[in-house]
Amino acid sequence: MVLDEICSVEDNSQPLRFSEIEDPSPGENEVLIRVSACGVCHTELDEIEGRTPPSFFPIVPGHQIIGRVAAVGKNASRHRLGDRVGVAWIFSACGKCKFCRAGNENLCADFRGTGRDANGGYAEFMTVHEDFCYPIPEEFSDAEAAPLLCAGAIGYRSLRLSNIGDGQSLGLTGFGASAHLVLKMVRHRYPCVAVFVFARSERERKFAMELGAAWAGDTTDTPPHQLDAIIDTTPAWKPVVEALKNLEPGGRLVINAIRKEERDKDTLLSLSYPAHLWLEKEIKSVANVTRQDVNEFLQLAARMKIRPEVEEFALKDANQALIELKAARIHGAKVLRI
Ligand SMILES: [Zn+2]
Ligand SMILES: [Zn+2]
């Protein structure tokens, strides 16, 4: 499935085109992967609609890829033919700059995103540098493993950046693929953290309660008490303003979104310094993921037996999966089977 140009998903319900392209062949340090599953992420909508535009067209999107090594370049030795591997959002980084050297390759100026700056996994085959794919723990099926690579890894990073400690209270605003994995992670890692979920749809709120949330309400509902940290995974601004209001003094809002949509940006004008920012409230965004995030999260997910709830689609139905994601008809994570 390829994207030919930036367009609005509201005007064009078929943004991706099902097409036949040449099989890629691996460079010297690359592996060729025969893709079996690829997760569908909100970032694909940001790419299609131009909020984080692809660096070339036509491009194959997709950055939560599970497959098997089908060929190796002549200098590639980390993976063997037939090995099951995954590819995440980080396609490459320079490896030399101060950010890369300090373990912050997610902040590298030459960061390349899979499916945005290189062809991704909405396809039968892809190639990637051998250092940027990961063995997948055998606990997971292909479809279960796919959403761990973005929704899970970035959820792991956002939970780490929230600085939450056991016994504290954590809010999640938005309850899609990443947030539901964060809730599962919290239930296992911090059994005394109470989780408060803010979601627009009744179905998402019910799902959150089933997974062990202490409370679930609409985006503008007031929780029973203020919260130590809140992770926002929505594409909008209103949840940001609401979340700041619900933070304890010294609390931190972590925004886990690559881009925000413009639609309700004027909501920011309702920010009141005393209600939303005073008393040392903090806002921190989460940018990309590092290979360490991905590897650590995969191991953790295997130990904790985290099983993402997945909904499967055929590759040719990728447009339908994206439209449903745009409409926030979310129940767990959407995965393409290839
Ligand atoms: Zn993603
Ligand atoms: Zn770098």
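In this text, all values refer to a predicted model and were calculated from it rather than measured experimentally.

Let us now look at the overall build of the protein chain. Along the protein chain, the regular secondary structure elements total 10 helices and 17 strands. The C-alpha radius of gyration computed for the protein chain amounts to 20 Å, which stays within 12% of the reference 20 Å derived for 338 residues, consistent with globular compactness. Dimensions of the protein chain, computed from C-alpha atoms along their principal axes, come out at roughly 60 × 45 × 40 Å. Expressed as a percentage of the 338 residues in the protein chain, the buried residues total 50%. Taking the intrachain contacts of the protein chain between residues at least 6 apart in sequence as the baseline, contacts between residues at least 24 apart amount to 73%.

Bring the parts together and some accessible area is lost; that lost area is often taken as the interface size. Annotation of the protein chain at the domain level lists domain 1 (2–150 + 289–337) and domain 2 (153–285). Once you take the C-alpha centre of each, domain 1 and domain 2 turn out to be 26 Å apart. Contacts between domain 1 and domain 2 engage 24 residues on the former and 19 residues on the latter. Of all the secondary-structure elements, those providing two or more residues to the side of domain 1 that touches domain 2 are α1 (42–48) and α9 (291–304). A total of five residues in the side of domain 1 that touches domain 2 trace back to one element, the largest contributor, which is α9.

What follows concerns helix α5 (residues 177–189). Taking 1.5 Å of rise per residue, 13 residues should cover 18 Å, and α5 covers 19 Å from first to last C-alpha, within 8% of that figure. Buried within α5 we find A177, S178, A179, H180, L181, V182, L183, K184 and V186. Next to the buried residues of α5 lie α4 (151–161), β10 (169–173), β11 (194–198), α6 (202–210), β13 (227–232) and β17 (333–337).

Within the sequence span of α6, burial applies to E204, R205, F207 and A208. Buried residues of α6 fall within an arc of 160° about the axis and therefore sit on the same side. In α6, those exposed residues whose orientation departs by more than 90 degrees from the buried face are E202, K206 and E210. Check the buried side of α6 and you find it contacts α5, β11 and β12 (215–217). Taken from the residues just after α6, G212 is the one with a positive phi, measuring 105°.

Most of β17 is tucked away: four of the five residues are buried. Bridge count for strand β3 (residues 30–40) against β17 is four bridges, and the pairing is antiparallel. Across the sheet, the residue bridging to G39 is V335, located in β17. Pairing of strand β16 (residues 310–314) with β17, which is carried by five bridges, proceeds in the parallel orientation. What sits directly across from E311, in β17, is K334.

This part takes up the sheet that holds β12. Strand order in this open sheet of six strands is β12-β11-β10-β13-β14-β15, and the pairing throughout is parallel. Two strands lie at the open edges of the sheet, namely β12 and β15 (282–285), each paired on one side alone. Adjacent strand axes in the sheet meet at a mean angle of 20°, parallel and antiparallel pairs treated alike. Pairing geometry for β11 and β12, over three bridges, is parallel. Directly across from F198, in β12, lies its bridge partner G217. The strands that α5 touches are β10, β11 and β13; relative to β10, the one it contacts most, it runs at about 165°.

Counting residues in hydrophobic clusters, the biggest one holds 104 residues, and the most contacted among them are I33, A153, V195, V197 and L336. The element best represented in this core is β3, accounting for seven residues. For this core, the two domains that each supply at least three residues are domain 1 (2–150 + 289–337) and domain 2 (153–285). The contacts of V195, once residues within four sequence positions are left out, are L170, L172, L183, V186, A213 and A214.

Another aspect to go through is the packing of α4 against α5. When two helices pack together, their arrangement is captured by the angle between the axes and the distance separating the axes. It is at 8 Å that the axes of α4 and α5 come closest, and there the two elements cross at 60°. By the angle between their axes, α4 is oblique relative to α5. Between α4 and α5 lies a crossing of right-handed hand. Contact with α4, carried on its side by A151, G152, I154, G155, Y156, S158 and L159, involves A177, S178, L181, V182, M185 and V186 of α5 and no other residues of that element. Each residue belonging to the contact of α4 with α5 can be placed in one class, and the counts come to nine nonpolar, four polar and no charged.

Each value, and the rule that gives it
- Residues numbered from 1 in each chain as written.
- Chains lettered and ligands numbered in written order.
- Predicted model: local features only at pLDDT ≥ 70, side-chain atom pairs only at ≥ 80, totals over all residues.
- Helix = DSSP H or I, 4+ residues; strand = E, 2+ residues; numbered from the N terminus.
- Rg over C-alpha atoms; globule rule 2.2 N^0.38 Å.
- Buried ≥ 20, exposed ≤ 12 C-beta atoms within 10 Å, placed from the backbone.
- Contact = placed C-beta atoms within 7 Å.
- Domains from an automatic or database assignment.
- Expected span 1.5 Å × (residues − 1).
- Arc of directions from axis to C-beta.
- Pairing = 2+ DSSP bridges.
- Axes fitted to C-alpha atoms, helices over the stretch in contact; angles between N-to-C directions.
- Core = buried A, V, L, I, M, F, W, Y, C linked by C-beta atoms within 7 Å.
- Parallel < 35°, antiparallel > 145°, perpendicular 65-115°, else oblique.
- Left-handed = near helix turned anticlockwise from the far one by under 90°.
- Nonpolar A, V, L, I, M, F, W, Y, C, P; charged D, E, K, R; others polar.

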